[in-house]
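Structure at a glance
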Amino acid sequence: QNSNANIASLLAGECDIVKSQLDDQSKLLLELDDASQLNAYFVTGTVWEHADFNIQPLGEGYFAAWDTDGDGLGPFGDVRLRQAVAMCFDRQTVVDTVMYGQSEVVPTYLPSMHPLFNPDVKQWPFDIEAGSALLEEIGWVDDDGDALTPRIASGVKGVPDGTPLEFNYETTNAVQRQQATQILAESAAQCGIKMNQGYHPASVWFEDGPEGVLFGRRFDLGQFAWLTGVPSPCDLYLGGTNIPSVENEWWGYNETGWDNPEYNAICNSALGSLPGHEGYEQYNLKAQLIFAQELPAVPLFLRLRLAATRGDICNFTVDPTGTSFTNIE
(Lines give C-alpha, C1' and ligand atoms only; values in the text may rest on other atoms or scores of the structure.)
Protein backbone atom coordinates (compact mmCIF):
# COMPACT_ATOMS: atom_id res chain seq x y z
CA GLN A 1 0.00 0.00 0.00
CA ASN A 2 1.03 3.65 -0.24
CA SER A 3 2.00 5.70 2.81
CA ASN A 4 -1.43 7.30 3.29
CA ALA A 5 -3.14 3.92 3.23
CA ASN A 6 -0.60 2.46 5.66
CA ILE A 7 -1.12 5.26 8.18
CA ALA A 8 -4.90 5.05 7.79
CA SER A 9 -4.73 1.33 8.54
CA LEU A 10 -2.80 2.04 11.74
CA LEU A 11 -5.26 4.69 12.87
CA ALA A 12 -8.20 2.39 12.13
CA GLY A 13 -6.68 -0.43 14.16
CA GLU A 14 -6.44 -2.65 11.07
CA CYS A 15 -2.65 -2.80 11.26
CA ASP A 16 -0.20 -3.00 14.17
CA ILE A 17 3.18 -2.07 12.70
CA VAL A 18 4.27 -0.29 9.51
CA LYS A 19 7.91 -0.24 8.44
CA SER A 20 7.84 0.80 4.80
CA GLN A 21 6.31 3.38 2.47
CA LEU A 22 6.69 6.13 5.08
CA ASP A 23 9.57 8.30 3.86
CA ASP A 24 7.29 11.01 2.49
CA GLN A 25 5.17 11.24 5.65
CA SER A 26 7.68 12.32 8.30
CA LYS A 27 5.79 15.50 9.21
CA LEU A 28 2.44 13.70 9.55
CA LEU A 29 3.99 10.94 11.66
CA LEU A 30 5.49 13.49 14.06
CA GLU A 31 2.14 15.29 14.35
CA LEU A 32 0.23 12.06 14.99
CA ASP A 33 2.83 10.99 17.54
CA ASP A 34 2.51 14.33 19.35
CA ALA A 35 -1.26 13.81 19.40
CA SER A 36 -0.76 10.29 20.87
CA GLN A 37 -2.61 8.73 17.94
CA LEU A 38 0.28 6.42 17.07
CA ASN A 39 3.92 5.85 17.95
CA ALA A 40 6.44 7.13 15.39
CA TYR A 41 10.05 5.93 15.27
CA PHE A 42 12.90 7.77 13.58
CA VAL A 43 16.36 6.18 13.68
CA THR A 44 19.48 7.18 11.77
CA GLY A 45 20.46 4.06 9.92
CA THR A 46 23.55 2.74 8.21
CA VAL A 47 23.00 4.59 4.92
CA TRP A 48 24.68 7.94 4.24
CA GLU A 49 23.69 10.33 1.47
CA HIS A 50 26.44 12.16 -0.41
CA ALA A 51 27.12 14.31 -3.47
CA ASP A 52 30.02 12.99 -5.57
CA PHE A 53 32.25 15.12 -7.79
CA ASN A 54 33.18 13.85 -11.23
CA ILE A 55 36.91 14.45 -10.99
CA GLN A 56 37.86 12.51 -14.13
CA PRO A 57 34.83 13.00 -16.41
CA LEU A 58 34.35 11.03 -19.59
CA GLY A 59 32.31 13.78 -21.23
CA GLU A 60 28.71 14.90 -21.66
CA GLY A 61 28.43 16.75 -18.34
CA TYR A 62 28.05 20.53 -18.62
CA PHE A 63 31.18 21.04 -16.56
CA ALA A 64 33.09 18.12 -18.10
CA ALA A 65 33.97 19.98 -21.29
CA TRP A 66 36.96 21.67 -19.66
CA ASP A 67 40.05 19.58 -19.01
CA THR A 68 42.61 21.14 -16.68
CA ASP A 69 45.73 21.03 -18.92
CA GLY A 70 45.06 17.68 -20.61
CA ASP A 71 45.61 15.45 -17.59
CA GLY A 72 42.12 13.95 -17.69
CA LEU A 73 40.95 15.98 -14.72
CA GLY A 74 38.03 18.35 -15.01
CA PRO A 75 37.63 21.52 -12.93
CA PHE A 76 36.73 19.41 -9.89
CA GLY A 77 40.29 18.13 -10.01
CA ASP A 78 41.10 21.27 -8.01
CA VAL A 79 40.45 20.30 -4.39
CA ARG A 80 39.76 23.94 -3.55
CA LEU A 81 36.67 23.93 -5.76
CA ARG A 82 35.39 20.80 -4.03
CA GLN A 83 35.98 22.39 -0.64
CA ALA A 84 34.23 25.59 -1.72
CA VAL A 85 31.15 23.66 -2.84
CA ALA A 86 31.08 21.88 0.53
CA MET A 87 31.12 25.22 2.36
CA CYS A 88 28.39 26.60 0.11
CA PHE A 89 26.07 23.66 0.87
CA ASP A 90 23.63 24.35 3.70
CA ARG A 91 23.39 20.74 4.78
CA GLN A 92 21.97 21.53 8.20
CA THR A 93 18.90 23.14 6.65
CA VAL A 94 18.33 19.92 4.69
CA VAL A 95 18.44 17.96 7.94
CA ASP A 96 16.19 20.45 9.72
CA THR A 97 13.56 20.62 6.97
CA VAL A 98 13.63 17.58 4.71
CA MET A 99 14.57 15.24 7.57
CA TYR A 100 12.56 17.21 10.17
CA GLY A 101 15.59 17.42 12.44
CA GLN A 102 15.69 13.66 12.93
CA SER A 103 19.03 13.07 11.20
CA GLU A 104 22.51 14.61 11.34
CA VAL A 105 25.06 16.13 8.98
CA VAL A 106 27.98 13.74 8.52
CA PRO A 107 31.57 14.91 7.87
CA THR A 108 32.85 11.62 6.45
CA TYR A 109 31.66 8.20 5.35
CA LEU A 110 31.18 7.07 8.97
CA PRO A 111 28.53 8.51 11.30
CA SER A 112 29.49 10.01 14.63
CA MET A 113 28.20 6.99 16.59
CA HIS A 114 30.41 4.56 14.66
CA PRO A 115 33.21 3.08 16.83
CA LEU A 116 35.78 3.96 14.16
CA PHE A 117 34.58 7.52 13.56
CA ASN A 118 37.40 10.07 13.70
CA PRO A 119 36.25 13.21 15.56
CA ASP A 120 39.32 15.09 14.34
CA VAL A 121 38.34 15.08 10.66
CA LYS A 122 38.12 18.42 8.87
CA GLN A 123 34.67 19.95 9.07
CA TRP A 124 33.26 22.15 6.29
CA PRO A 125 30.36 24.08 7.86
CA PHE A 126 28.07 26.27 5.76
CA ASP A 127 30.06 29.48 5.26
CA ILE A 128 29.22 31.67 2.26
CA GLU A 129 32.05 34.10 2.97
CA ALA A 130 34.75 31.43 3.26
CA GLY A 131 33.43 29.50 0.25
CA SER A 132 33.32 32.66 -1.86
CA ALA A 133 36.85 33.60 -0.84
CA LEU A 134 38.14 30.20 -1.91
CA LEU A 135 36.39 30.55 -5.28
CA GLU A 136 38.06 33.95 -5.74
CA GLU A 137 41.43 32.37 -4.96
CA ILE A 138 40.94 29.79 -7.71
CA GLY A 139 39.92 32.46 -10.22
CA TRP A 140 36.14 32.17 -10.18
CA VAL A 141 35.32 35.87 -9.89
CA ASP A 142 32.18 37.89 -9.29
CA ASP A 143 32.41 40.12 -12.37
CA ASP A 144 29.09 41.96 -11.99
CA GLY A 145 28.90 42.58 -8.24
CA ASP A 146 25.82 40.35 -7.96
CA ALA A 147 26.51 37.40 -5.66
CA LEU A 148 23.47 35.52 -6.99
CA THR A 149 24.66 35.39 -10.61
CA PRO A 150 27.20 32.73 -11.61
CA ARG A 151 30.84 33.62 -11.15
CA ILE A 152 33.03 33.47 -14.26
CA ALA A 153 36.48 32.04 -14.84
CA SER A 154 39.40 34.44 -14.87
CA GLY A 155 42.69 32.62 -14.96
CA VAL A 156 41.24 29.28 -13.83
CA LYS A 157 43.64 26.55 -14.87
CA GLY A 158 42.33 24.71 -17.94
CA VAL A 159 39.10 26.72 -18.17
CA PRO A 160 38.59 29.46 -20.79
CA ASP A 161 38.15 32.93 -19.32
CA GLY A 162 34.51 33.98 -19.17
CA THR A 163 33.21 30.46 -18.55
CA PRO A 164 30.38 30.62 -15.98
CA LEU A 165 30.62 28.60 -12.78
CA GLU A 166 27.72 26.39 -13.76
CA PHE A 167 27.32 22.63 -13.69
CA ASN A 168 24.71 19.87 -13.47
CA TYR A 169 23.60 18.46 -10.11
CA GLU A 170 21.76 15.19 -10.70
CA THR A 171 20.19 12.39 -8.69
CA THR A 172 17.16 10.09 -8.70
CA ASN A 173 13.60 11.39 -8.84
CA ALA A 174 12.86 10.42 -5.21
CA VAL A 175 10.93 13.20 -3.49
CA GLN A 176 13.38 13.67 -0.59
CA ARG A 177 16.30 13.93 -2.98
CA GLN A 178 14.54 16.54 -5.07
CA GLN A 179 13.84 18.53 -1.92
CA ALA A 180 17.44 18.23 -0.72
CA THR A 181 19.02 19.22 -4.03
CA GLN A 182 16.72 22.24 -4.27
CA ILE A 183 17.90 23.53 -0.88
CA LEU A 184 21.55 22.86 -1.66
CA ALA A 185 21.32 24.51 -5.08
CA GLU A 186 19.74 27.60 -3.53
CA SER A 187 22.45 27.86 -0.89
CA ALA A 188 25.22 27.35 -3.46
CA ALA A 189 23.73 30.17 -5.54
CA GLN A 190 24.59 32.53 -2.70
CA CYS A 191 28.24 31.81 -3.46
CA GLY A 192 27.79 32.46 -7.17
CA ILE A 193 27.51 28.78 -8.14
CA LYS A 194 24.75 27.82 -10.56
CA MET A 195 23.66 24.19 -10.34
CA ASN A 196 21.26 22.80 -12.93
CA GLN A 197 19.23 20.12 -11.19
CA GLY A 198 18.32 16.94 -13.02
CA TYR A 199 16.37 13.89 -11.90
CA HIS A 200 16.31 10.35 -13.27
CA PRO A 201 14.47 7.12 -12.55
CA ALA A 202 16.72 4.97 -10.37
CA SER A 203 17.04 2.38 -13.14
CA VAL A 204 18.52 5.05 -15.41
CA TRP A 205 20.64 6.81 -12.80
CA PHE A 206 22.33 3.63 -11.55
CA GLU A 207 22.71 1.92 -14.92
CA ASP A 208 26.15 0.45 -15.56
CA GLY A 209 28.61 2.25 -17.78
CA PRO A 210 29.18 3.27 -20.43
CA GLU A 211 25.47 4.11 -20.90
CA GLY A 212 24.78 4.97 -17.26
CA VAL A 213 24.93 8.63 -16.25
CA LEU A 214 26.53 7.97 -12.87
CA PHE A 215 28.69 4.89 -13.37
CA GLY A 216 29.41 5.85 -16.96
CA ARG A 217 31.06 8.93 -15.38
CA ARG A 218 28.95 11.27 -17.53
CA PHE A 219 27.82 13.62 -14.78
CA ASP A 220 29.15 16.70 -12.98
CA LEU A 221 27.88 16.36 -9.41
CA GLY A 222 25.76 13.36 -8.47
CA GLN A 223 23.84 12.54 -5.30
CA PHE A 224 23.06 9.06 -4.03
CA ALA A 225 23.68 6.85 -0.99
CA TRP A 226 26.09 4.17 0.16
CA LEU A 227 26.00 1.81 3.12
CA THR A 228 28.37 2.37 5.98
CA GLY A 229 29.26 -0.42 8.36
CA VAL A 230 32.03 -2.68 9.59
CA PRO A 231 34.57 -3.00 8.11
CA SER A 232 34.89 0.67 7.22
CA PRO A 233 33.62 1.50 3.70
CA CYS A 234 36.79 3.38 2.72
CA ASP A 235 37.07 1.02 -0.27
CA LEU A 236 34.22 2.91 -1.98
CA TYR A 237 36.71 5.60 -2.99
CA LEU A 238 39.76 3.49 -3.79
CA GLY A 239 41.37 4.41 -7.09
CA GLY A 240 42.91 2.23 -9.77
CA THR A 241 40.73 -0.67 -10.86
CA ASN A 242 37.93 0.49 -8.57
CA ILE A 243 37.20 3.35 -10.99
CA PRO A 244 34.65 2.15 -13.58
CA SER A 245 36.06 2.36 -17.08
CA VAL A 246 36.19 0.53 -20.39
CA GLU A 247 39.47 -1.08 -19.28
CA ASN A 248 37.82 -2.89 -16.36
CA GLU A 249 34.51 -3.43 -18.19
CA TRP A 250 32.84 -0.74 -16.07
CA TRP A 251 33.27 -2.58 -12.80
CA GLY A 252 33.94 -0.55 -9.68
CA TYR A 253 32.29 1.79 -7.19
CA ASN A 254 34.43 4.91 -7.41
CA GLU A 255 32.64 6.82 -10.15
CA THR A 256 34.34 10.06 -9.04
CA GLY A 257 37.62 9.02 -10.66
CA TRP A 258 39.48 10.24 -7.56
CA ASP A 259 42.77 8.36 -7.27
CA ASN A 260 44.87 9.34 -4.26
CA PRO A 261 47.91 7.07 -3.70
CA GLU A 262 48.22 7.87 0.01
CA TYR A 263 44.53 7.21 0.61
CA ASN A 264 44.70 3.98 -1.42
CA ALA A 265 47.59 2.70 0.69
CA ILE A 266 46.01 3.66 4.02
CA CYS A 267 42.59 2.27 3.11
CA ASN A 268 44.05 -1.01 1.87
CA SER A 269 46.02 -1.30 5.11
CA ALA A 270 42.80 -0.71 7.06
CA LEU A 271 40.97 -3.35 5.04
CA GLY A 272 43.86 -5.77 5.59
CA SER A 273 43.81 -5.33 9.37
CA LEU A 274 41.61 -7.00 11.95
CA PRO A 275 39.92 -5.44 14.99
CA GLY A 276 42.19 -5.52 17.99
CA HIS A 277 45.33 -5.86 15.89
CA GLU A 278 48.08 -3.29 15.55
CA GLY A 279 47.26 -0.52 13.09
CA TYR A 280 43.58 -1.36 12.61
CA GLU A 281 42.22 1.71 14.37
CA GLN A 282 45.09 3.95 13.23
CA TYR A 283 44.58 3.15 9.54
CA ASN A 284 40.82 3.65 9.72
CA LEU A 285 41.20 7.00 11.48
CA LYS A 286 43.82 8.26 9.02
CA ALA A 287 41.82 7.24 5.94
CA GLN A 288 38.97 9.47 7.16
CA LEU A 289 41.35 12.40 7.66
CA ILE A 290 42.45 12.19 4.02
CA PHE A 291 38.91 11.72 2.71
CA ALA A 292 37.52 14.68 4.68
CA GLN A 293 40.34 16.96 3.52
CA GLU A 294 40.32 15.91 -0.13
CA LEU A 295 36.51 15.56 -0.48
CA PRO A 296 35.96 13.39 -3.54
CA ALA A 297 32.37 13.62 -2.28
CA VAL A 298 30.46 15.90 0.07
CA PRO A 299 28.94 13.77 2.84
CA LEU A 300 25.43 15.10 3.37
CA PHE A 301 23.35 13.33 6.03
CA LEU A 302 22.30 9.95 7.36
CA ARG A 303 19.21 8.40 5.85
CA LEU A 304 16.44 7.55 8.28
CA ARG A 305 14.73 4.29 9.08
CA LEU A 306 11.09 5.02 9.87
CA ALA A 307 8.41 2.94 11.50
CA ALA A 308 5.05 3.51 13.14
CA THR A 309 2.92 1.40 15.44
CA ARG A 310 -0.45 1.52 17.08
CA GLY A 311 -0.33 3.32 20.39
CA ASP A 312 -0.77 0.14 22.42
CA ILE A 313 2.19 -1.74 20.91
CA CYS A 314 4.87 -2.07 23.61
CA ASN A 315 8.67 -2.43 23.44
CA PHE A 316 8.97 -2.05 19.70
CA THR A 317 12.40 -0.81 18.59
CA VAL A 318 13.90 0.12 15.24
CA ASP A 319 17.29 -1.49 14.74
CA PRO A 320 19.46 0.67 12.44
CA THR A 321 21.39 -2.37 11.21
CA GLY A 322 18.81 -5.10 10.87
CA THR A 323 15.28 -6.30 11.44
CA SER A 324 13.05 -4.62 14.00
CA PHE A 325 11.53 -7.94 15.02
CA THR A 326 14.58 -9.39 16.77
CA ASN A 327 12.90 -8.96 20.18
CA ILE A 328 9.40 -9.99 19.11
CA GLU A 329 9.25 -12.78 21.69
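The structure contained in this document is the topic of the report that follows. (Residues numbered from 1 in each chain as written. Predicted model: local features only at pLDDT ≥ 70, side-chain atom pairs only at ≥ 80, totals over all residues. Heavy atoms only, no water.)

**Quick look at the nonpolar core**
Among the nonpolar cores identified, the biggest contains 78 residues, and Leu29, Phe89, Trp140, Ile193, Met195, Tyr237 and Tyr263 are the most heavily contacted of them. Apart from the residues lying within four places of it in its own chain, the contact partners of Leu29 are Ile7, Leu22, Leu38, Ala40, Phe42, Leu306 and Ala308. Tyr41, Val43, Ala307 and Val318 belong to the second-largest nonpolar core, a separate cluster that totals 5 residues. (Core = buried A, V, L, I, M, F, W, Y, C linked by side-chain atoms within 4.5 Å. Buried < 20%, exposed > 50% of the residue type's maximum accessible area, 1.4 Å probe, protein only. Contact = heavy atoms within 4.5 Å.)

**Looking at the sheet that holds strand 1 (residues 17-18)**
Ordered by their spatial adjacency, 6 strands build an open sheet running 1-8-2-7-5-6, and the pairing between neighbours is mixed. The open sheet has two free edges, formed respectively by strand 1 and strand 6 (194-200), since each of these has just one partner strand. Sheet analysis places strand 5 (residues 166-172) next to strand 6, joined by 7 bridges and oriented parallel. Opposite Tyr169, over in strand 6, you have Gln197 as the bridge partner. Here helix 6 (residues 175-189) sits on the sheet in contact with strand 2 (39-53), strand 5, strand 6, strand 7 (221-227) and strand 8 (297-309), set at roughly 170° to strand 6. (Pairing = 2+ DSSP bridges. Helix = DSSP H or I, 4+ residues; strand = E, 2+ residues; numbered from the N terminus. Axes fitted to C-alpha atoms, helices over the stretch in contact; angles between N-to-C directions.)

**Comments concerning the packing of aromatic side chains**
Aromatic ring pairs: the centre-centre distance and the angle between the two ring planes describe each pair. Scanning the model with the defined rule gives 15 aromatic pairs in all. Between the aromatic rings of Phe224 and Trp226, the centroid separation amounts to 5.2 Å while the plane-to-plane angle is 70°, which identifies the pairing as edge-to-face. Per residue, the accessibility class of Phe224 equals that of Trp226, and both read buried. Put simply, the rings of Phe206, Phe215, Phe224, Trp226, Trp251 and Tyr253 touch in pairs and so form one group of aromatic residues. Above the face of the Trp124 ring, Lys122 is positioned so that its terminal group lies 4.9 Å from the ring centre. (Phe/Tyr/Trp six-rings, centres within 6.5 Å; stacked < 30°, edge-to-face > 60°. Lys NZ or Arg CZ within 6 Å of the ring centre and 35° of its normal.)

**So, the environment of Thr46**
By secondary structure assignment, the location of Thr46 is in strand 2. When the C-alpha atoms of Thr46 and Trp226 are compared, they prove to be 8.6 Å apart, with 180 residues separating the residues in sequence. For Thr46, the residues in contact, after removing those within four places along its chain, are Trp226, Leu227, Thr228, Pro320 and Thr321.

**Looking at helix 8 (residues 261-271)**
Think of an α-helix as turning once every 3.6 residues; residues three or four places apart then point the same way. Within helix 8, the full set of buried residues consists of Tyr263, Asn264, Ile266, Cys267 and Ala270. Buried residues along helix 8 sit against helix 9 (280-294). N-capping of helix 8 is provided by Asn260, with a side-chain oxygen placed 3.1 Å from the backbone N of Glu262. (Polar contact = N/O pair within 3.5 Å; in protein donor to acceptor, adjacent residues only side chain to side chain.)

**Concerning the pairing of strand 8**
Within a regular strand, the side chains alternate between the two sheet faces. Taking burial as the measure, the 13 residues of strand 8 include 11 buried ones, the bulk of the element. Pairing between strand 1 and strand 8: 2 bridges, direction antiparallel. Residue pairing in the sheet places Ile17 in a bridge with Thr309 of strand 8. Looking at chain direction, strand 2 and strand 8 are connected through 11 bridges and run antiparallel. In the strand pairing of strand 8, Thr44 is matched with Leu304.

**Here's the deal with the packing of helix 3 (residues 79-87) against helix 5 (residues 128-138)**
Relative orientation of the contacting elements helix 3 and helix 5 amounts to 160°, with a least axis distance of 8 Å. Regarding the angle of helix 3 to helix 5, the classification is roughly antiparallel. Between helix 3 and helix 5 the crossing geometry is left-handed. Taking contact as the criterion, the partners of Arg80, Leu81, Gln83, Ala84 and Met87 in helix 3 are, on helix 5, Ile128, Ala130, Gly131, Leu134, Leu135, Glu137 and Ile138. Residue composition of the contact of helix 3 with helix 5, grouped by class: 8 nonpolar, 2 polar and 2 charged. (Parallel < 35°, antiparallel > 145°, perpendicular 65-115°, else oblique. Left-handed = near helix turned anticlockwise from the far one by under 90°. Nonpolar A, V, L, I, M, F, W, Y, C, P; charged D, E, K, R; others polar.)

**Some details on unusual backbone geometry**
Residue Pro210 is reached from Gly209 by a cis peptide bond, and omega for that bond is 5°. Note on placement: Pro210 falls in the loop between helix 7 (202-205) and strand 7. One non-glycine residue, Arg217, adopts positive backbone phi at about 60°. Mapped onto the fold, Arg217 is located in the loop between helix 7 and strand 7. Arg217 sits in the buried class, given a relative accessible area of 5%. A positive phi angle is found at Glu249, which is not glycine, with a value near 60°. The residue Glu249 is located in the loop between strand 7 and helix 8 in this model. When its relative accessible area of 71% is taken as the criterion, Glu249 is described as exposed.

**Brief notes about the state of the cysteines**
Tallied over the full model, the rule gives 2 disulfides. Paired through a disulfide, Cys234 and Cys267 show a sulfur-sulfur distance of 2.1 Å. Disulfide Cys234-Cys267: torsion about the S-S bond near 85°, hence right-handed. One end of the pair, Cys234, is in the loop between strand 7 and helix 8; the other, Cys267, is in helix 8, with 33 residues separating them in the sequence. Cys267 carries the same exposure label as Cys234, and that label is buried. Taken in N- to C-terminal order, the disulfide-linked cysteines of the protein chain are connected 1-2, 3-4. Of the cysteine sulfurs around Cys15, a residue in no disulfide, the closest is that of Cys314, at 16 Å. (Disulfide = S-S within 2.5 Å.)

Any functional reading would require information that these geometric values do not contain.
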